[in-house]
Amino acid sequence: MRECHEHILQKLIVELVKDLEPEPLLLHLYQKGIIDQDDMDEIRSKKIRKDVNEDLIFKLMRRGPEAFPNLVKGLQRKQPFLACSLLKEENKRLLELEIELDNLKIETEDLKTKLQRFEENKCLEDNRVAELESTLEEVKIQRDLAEREESEQSIKCKALETQAKELKTKLQSSELEVKELLRKCENLEAQLQQLRTAVRDANLANSSQLDQRNNIAEVHFSRERDFDTKGVIHYLGFNAGDCTWTNPARVPSSGVKVTYCGEDGLFNKLEYFTPVNSYTRSGWCLDLGDYYTLRPTDYTLRKLGSNDRNFLQNFELLGRLCNDDDWCLLGRHHQVDWRSQRFSHMLSGKKTLPYKTNTWSVKGEVGPYSQFKIVQIKDMSTGVPGTHAMCLAGIELYGVLSVPYSD
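About the thresholds
- Residues numbered from 1 in each chain as written.
- Predicted model: local features only at pLDDT ≥ 70, side-chain atom pairs only at ≥ 80, totals over all residues.
- Heavy atoms only, no water.
- 1 Å grid on protein atoms, 1.4 Å probe; cavity = no way out; pocket = protein on both sides within 12 Å on 5 of 7 lines; lining within 4 Å.
- Points joined across faces, edges and corners; volume = space filled by probe spheres on them.
- Helix = DSSP H or I, 4+ residues; strand = E, 2+ residues; numbered from the N terminus.
- Nonpolar A, V, L, I, M, F, W, Y, C, P; charged D, E, K, R; others polar.
- Salt bridge = Lys/Arg side-chain N within 4 Å of Asp/Glu carboxyl O.
- Axes fitted to C-alpha atoms, helices over the stretch in contact; angles between N-to-C directions.
- Contact = heavy atoms within 4.5 Å.
- Core = buried A, V, L, I, M, F, W, Y, C linked by side-chain atoms within 4.5 Å.
- Buried < 20%, exposed > 50% of the residue type's maximum accessible area, 1.4 Å probe, protein only.
- Pairing = 2+ DSSP bridges.

Trainee: I'm lost on empty space enclosed by the protein in this one. Help?
Mentor: Over the atoms, a rolling probe the size of a water molecule traces out where space has been left empty. In the structure shown here, the tally under the stated rule is two cavities of 30 Å³ or more. If you add up the space inside the largest cavity, you get close to 40 Å³. Considering the residues around the largest cavity, the lining is formed by Glu-21, Pro-24, Leu-25, Gly-74, Leu-75, Lys-78 and Gln-79. Elements that contribute at least two residues to the lining of the largest cavity include exactly helix 3 (22-31) and helix 6 (67-78). Considering every element that reaches the lining of the largest cavity, the biggest residue donor is helix 6, with three residues. Split into classes, the residues belonging to the lining of the largest cavity amount to three nonpolar, two polar and two charged.

Here you go:
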């Protein structure tokens, strides 16, 4: 039975139970196949008419869609007033359904109108987005063209500046003066090489005497990768064997000191190679103390920052044995290309800071040194003193370290 017919029977069940004459109706329903013989026997087994009517109505509610029309036809013959009540309720329900259907049609039309407006607005928005994307693409093309033109102009300006300098040099210098200057330079280089050889021999002699007098052991440190565990600073940080690493510059008993050049030009400012204090320094000095000397073979620097152009590009590494000695050149670098190195990151408090590393080898034979200095030099192409921030956030040395030991 349909749900609407069940609602009608549910609404009129009191009236039907009270006035329904079941016997003629049972035969009609049996004839139409709505109920079977077992249903009739079960219904007739009830002795009270009210119970008979209730059982009949509940069984009809569980029958198919033809149960309600046949019930109405059966009542029209013997009890037309009950059939009329059922038909009235059915008509009332049909009117309600028609009203609901009309409301649904109105709502459907409204939704169609809204959907049409939405599609129109969406089309307009899509057109606007397409126009904006086209405008943005044109702006990008214009910007690229402007950057390209600016780059070309910059290259032309540099070329013109270089040509002007060359012409000025040619006008100011004659061929004889140039030859004389070259000859003097060769003589100075020969004298400088002799001085270096003499200093190296003296340092080697001093080192040999110290080894014999102070019972010195030599430890070799070879680099495998940047800032590995095979370097001198790493070794000194473990105090030559302790289990916990500590920055040797922070341990007074190690004798290691790191200083930078202040405004007075003297290396007298204590430093620890920390990222916070690594900017705008004109020079650094690392002192291994009175107990250690090193014959360097390689050295590694860590530069802090996210812009390669701000990294140190023109500098020298110098070394000496003690304060009374002159500084000896260990490495000179011009226009260092940091772009080939990858960025890494380190923690400083709660901040993550980007950095790069690079390693250089010390060429030739060098003597033992206990002090090392990094200073900026002039750019060979422009003659302008180095203006880049040092940005030095770490250093590692490799080579042969002379360390004292007791029997």
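Trainee: Hey, could you run me through the pattern of salt bridges in this one?
Mentor: As a working rule, side chains carrying opposite charge can pair if their charged atoms are close by. Applying the stated criterion across every chain, the model contains 13 salt bridges. Sharing partners across several salt bridges, the network here consists of Asp-39, Glu-42, Lys-59 and Arg-63.

Trainee: Please clarify how the packing of helix 6 against helix 7 (residues 80-172) should be interpreted in this entry.
Mentor: For any two helices packed against each other, the geometry comes down to the angle between their axes and how far apart the axes lie. In the contact formed by helix 6 and helix 7, the axes pass within 6 Å of each other and the chain directions differ by 145°. Only Pro-80, Leu-82, Ala-83, Leu-86, Leu-87 and Glu-90 of helix 7 make contact with helix 6, whose side of the interface consists of Phe-68, Leu-71, Val-72, Leu-75, Gln-76 and Lys-78. Its residues placed into classes, the contact of helix 6 with helix 7 shows nine nonpolar, one polar and two charged.

Trainee: What is the right way to read the nonpolar core from this model?
Mentor: Within soluble globular proteins, side chains that are nonpolar tend to cluster in buried spots. In terms of nonpolar packing, the biggest core is built from 34 residues, with Leu-286, Leu-288, Phe-372, Ile-374, Leu-397 and Leu-401 touching the most fellow members. Broken down by secondary-structure element, the contributors of at least two residues to this core are helix 9 (232-237), strand 2 (257-261), strand 4 (283-287), strand 5 (293-304), strand 6 (315-320), strand 7 (328-333), strand 10 (371-376) and strand 11 (392-404). The element contributing the most residues to this core is strand 11, with five residues. Ignoring any residue separated from it by four or fewer positions in sequence, one finds Leu-288 in contact with Leu-236, Ser-254, Gly-255, Val-256, Leu-294, Tyr-369, Ser-370, Phe-372 and Leu-401.

Trainee: Before we go on, may I ask you to explain the sheet that holds strand 11 in this structure?
Mentor: Strands belonging to one sheet form pairs held by backbone hydrogen bonds; the direction of such a pair is parallel or antiparallel. If you trace the five strands from one edge of the open sheet to the other, you get 1-11-5-9-8, paired in antiparallel fashion. Two strands bound the open sheet, and with one partner strand each, they are strand 1 (216-221) and strand 8 (344-348). Strand-to-strand twist of the sheet, defined as the mean angle between neighbouring strand axes without regard to direction, takes the value 35°.

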